[in-house]
Amino acid sequence: MGEESENRSEGFGERLLGLLLDRAQLMPPQLIAPLIAEGVAMIGGRDVSLLLQDYAQELLVPLRGEKLHVGRPEPVDDSPAGQAFLSADVVEVPQEHGVRMYLPLLDGGDQVGVLALTLDTVSDDDRRMLRRLAGLVADTLVVKNAYTDQFFQTRRREVMSVSAEIQWGLLPPLTMTVPQVAVAGTLEPAYRVAGDSFDYALNDNILHAAVIDAMGHGLDAAAMATVAIGAYRHARRVFISLAEKYVFMDDAVSRQFGPDHFVTAQLMHVNIATGELELVNAGHPAPLLIRGGKVVRQLESATTLPVGFGGEMPQIRKHLLQQGDRVLCYTDGIIEEYVAGGEQFGEERLIRCVNRLGADPSGGMRADLRRLSHTLKRERGGRTSDDATLFMIEWRGGAGDHLAVLR
């Protein structure tokens, strides 16, 4: 075996990844970039770029750092980097002096960004090792992001309002993917959002999810959203029922803000083993059930009063999902925006957009939701005068136990 083949062997890869992992534990954020570039150089790579998604989900923006190649931002919709990002798969582009590789940075199914680099030639050993390296890079970026502003500053392309700062800090990852279920969400306007938010957690076989819309605008709405989500998380973590979560949130908002303030909400439990969905609707538009790319119906429930108005213990409505079903939740900012002619955008237009895009899927729920969000914004004339949120759940069924078996 030649020296080059030996350098691409499993043993070499194990040593390289182990070295990077050992160093990353104590590495200050500003040294992550040169560490990654050095690791790529050890396998013959060059021109390393770390591309992070901007908050509007339109561009992949290069992170600045020592030894990193910093070019122009790459559009998500029309670039090899964007293709890798949306498809969550490796993209290779032959060049005059090598191959430019784009590897998605995935952490727990969330899409952090893209690792780009150039190799003279690419073997299967290179591909295997670089996929693992990309996973390590994604994990490192997520961990370091908790105590630096460097990555946030890269992703921010406009001045962000204080309320938007609060909301983005409140959110879980925009996407999560496991074998049985996937979720994805998006907020508009990205740099001025105030009262909309969503949250989720996967505890054993139950996916807990909530979508909220606090009344008003600016800091008041952001403060109400923060209390509502905080109360929801607390209730979720003490293992109370879905109906009791609503009562707990209602009490927290009413005590803090008084009787003239409210938050509309949808609260859901999805059993990822059986597909059973439990729903509480507190003043929101009903979610849409999408099957085979088409909206088949609304998921109705006994609507209760918005959170903060002292509603009675809500009734739970149960629905049974089929494998591949998607549930689309949205706030009223989507359908109440006024379009040309002075009429509201409306639910019928929303459904037509969902059906039109469903006839031409783009390669995964996360990419489809992003495309829907941008399509709806264009259909509204580019206007988002109120907060507008989309949140989607895709139930896939099956099991994930095989992932815990090391064979």
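A few points on the structure.

Cut-offs applied
Residues numbered from 1 in each chain as written. Predicted model: local features only at pLDDT ≥ 70, side-chain atom pairs only at ≥ 80, totals over all residues. Heavy atoms only, no water. Helix = DSSP H or I, 4+ residues; strand = E, 2+ residues; numbered from the N terminus. Pairing = 2+ DSSP bridges. Axes fitted to C-alpha atoms, helices over the stretch in contact; angles between N-to-C directions. Contact = heavy atoms within 4.5 Å. Parallel < 35°, antiparallel > 145°, perpendicular 65-115°, else oblique. Nonpolar A, V, L, I, M, F, W, Y, C, P; charged D, E, K, R; others polar. Buried < 20%, exposed > 50% of the residue type's maximum accessible area, 1.4 Å probe, protein only. Arc of directions from axis to C-beta. Expected span 1.5 Å × (residues − 1). Core = buried A, V, L, I, M, F, W, Y, C linked by side-chain atoms within 4.5 Å. Lys, Arg positive; Asp, Glu negative; His and termini not counted. Salt bridge = Lys/Arg side-chain N within 4 Å of Asp/Glu carboxyl O. Phe/Tyr/Trp six-rings, centres within 6.5 Å; stacked < 30°, edge-to-face > 60°. Lys NZ or Arg CZ within 6 Å of the ring centre and 35° of its normal.

Details of the environment of Thr177
Along the polypeptide, Thr177 turns up in strand β7 (residues 175–177). Distance from Thr177 to Glu394, taken between C-alpha atoms, is 9.4 Å for residues 217 residues apart in sequence.

Concerning the sheet that holds strand β13 (residues 288–291)
Backbone hydrogen bonds hold the strands of a sheet together, and the pairing may be parallel or antiparallel. Here we have six strands laid out as an open sheet, ordered β7-β8-β17-β16-β13-β14, and antiparallel in their pairing. Strands with a single pairing partner mark the edges of an open sheet, and in this sheet they are β7 and β14 (294–298). The mean inter-strand angle of the sheet, taken between neighbouring strand axes irrespective of direction, is 20°. Of the strand pairs in this sheet, β7 and strand β8 (residues 181–188) are connected by three bridges, and their pairing is antiparallel. Residue pairing across strands places Thr175 opposite Ala184, the latter belonging to β8. Its contacts with the sheet put helix α11 (residues 346–358) on β13, β14 and β16 (326–330), and the angle it makes with β14 is roughly 140°. In this fold helix α12 (residues 365–379) packs onto β7, β8, β16 and β17 (388–395), with an angle of close to 25° to the strand it touches most, β8.

Description of the packing of helix α3 (residues 32–41) against helix α5 (residues 124–145)
α5 packs onto α3 with a crossing angle of 175° between their chain directions and a minimal axis gap of 12 Å. Taken together, α3 and α5 sit at an angle that is classed as roughly antiparallel. Contacts from Ile32, Ile36 and Val40 in α3 reach Leu133, Val137, Thr140, Leu141 and Lys144 in α5. Here the residues of the contact of α3 with α5 sort into six nonpolar, one polar and one charged.

Re helix α7 (residues 162–170)
Looking only at α7, the buried set comprises Ser163, Ala164, Gln167, Trp168 and Leu170. All buried residues of α7 lie within an arc of 160° about the axis, which places them on one face of the element. With respect to the buried face of α7, the exposed residues turned more than 90 degrees away are Val162 and Gly169. Those residues of α7 hidden inside the fold are in contact with β9 (196–203) and α8 (218–237).

Section: helix α9 (residues 242–257)
Here α9 is 16 residues long and its end C-alpha atoms lie 23 Å apart, about the 22 Å a rise of 1.5 Å per residue gives. Tucked inside the fold, the buried residues of α9 contact β10 (206–214), α8, β11 (263–271) and β12 (276–282). Looking one or two residues past α9, Gly258 carries a phi angle of roughly 90°, positive in sign.

Some points on the nonpolar core
Core analysis: the largest hydrophobic core is formed by 34 residues, its most contacted members being Leu105, Leu115 and Leu117. Considering each element in turn, this core owes the most residues, eight residues, to α5. Filtering out sequence-adjacent residues up to four positions away, Leu115 remains in contact with Ile36, Val48, Ser49, Leu50, Met101, Tyr102, Leu103, Leu105, Leu133 and Ala134. Counting 32 residues, the second-largest nonpolar core is a separate cluster that includes Ala164, Trp168, Phe198 and Ile393.

Here we look at the side chain of Asp213
With respect to the helices, strands and loops of the structure, Asp213 is situated in strand β10. No salt bridge is formed by the buried Asp213; its nearest oppositely charged neighbour, Arg380, is found at 12 Å. Excluding residues that lie within four positions of it along the chain, Asp213 makes contacts with Gly195, Asp196, Phe262, Val263, Thr264, His284, Thr331 and Asp332.

Some remarks on the packing of aromatic side chains
Tallied over the full model, the rule gives six aromatic pairs. Taken together, the ring pairs connect Tyr55, Phe152, Trp168 and Tyr191 into an aromatic cluster. Across the ring face of Tyr55, the terminal group of Arg155 is positioned such that the distance to the ring centre comes to 4.1 Å.

Quick word on unusual backbone geometry
For the bond running from Glu188 to Pro189, omega is -15°, close enough to zero to count as cis. Position of Pro189 among the secondary structure elements: in the loop between β8 and β9. Backbone geometry places Lys67, a non-glycine residue, at a positive phi of 75°. Mapped onto the secondary structure, Lys67 falls in the loop between β2 (59–62) and β3 (74–75).

With respect to the pairing of β16
For β16, the tally of buried residues reaches five of five residues, placing the bulk of the element in the interior. Residues of β16 alternate between two faces, with Arg326, Leu328 and Tyr330 on one and Val327 and Cys329 on the opposite face, all of them buried. Across three bridges, the pairing between β13 and β16 is antiparallel. Residue pairing in the sheet places Leu289 in a bridge with Val327 of β16. Pairing geometry for β16 and β17, over five bridges, is antiparallel. Across the sheet, Tyr330 pairs through a bridge with Leu390, a residue of β17.

It is worth stressing that arrangement in space is one thing and function is another; only the former is reported here.
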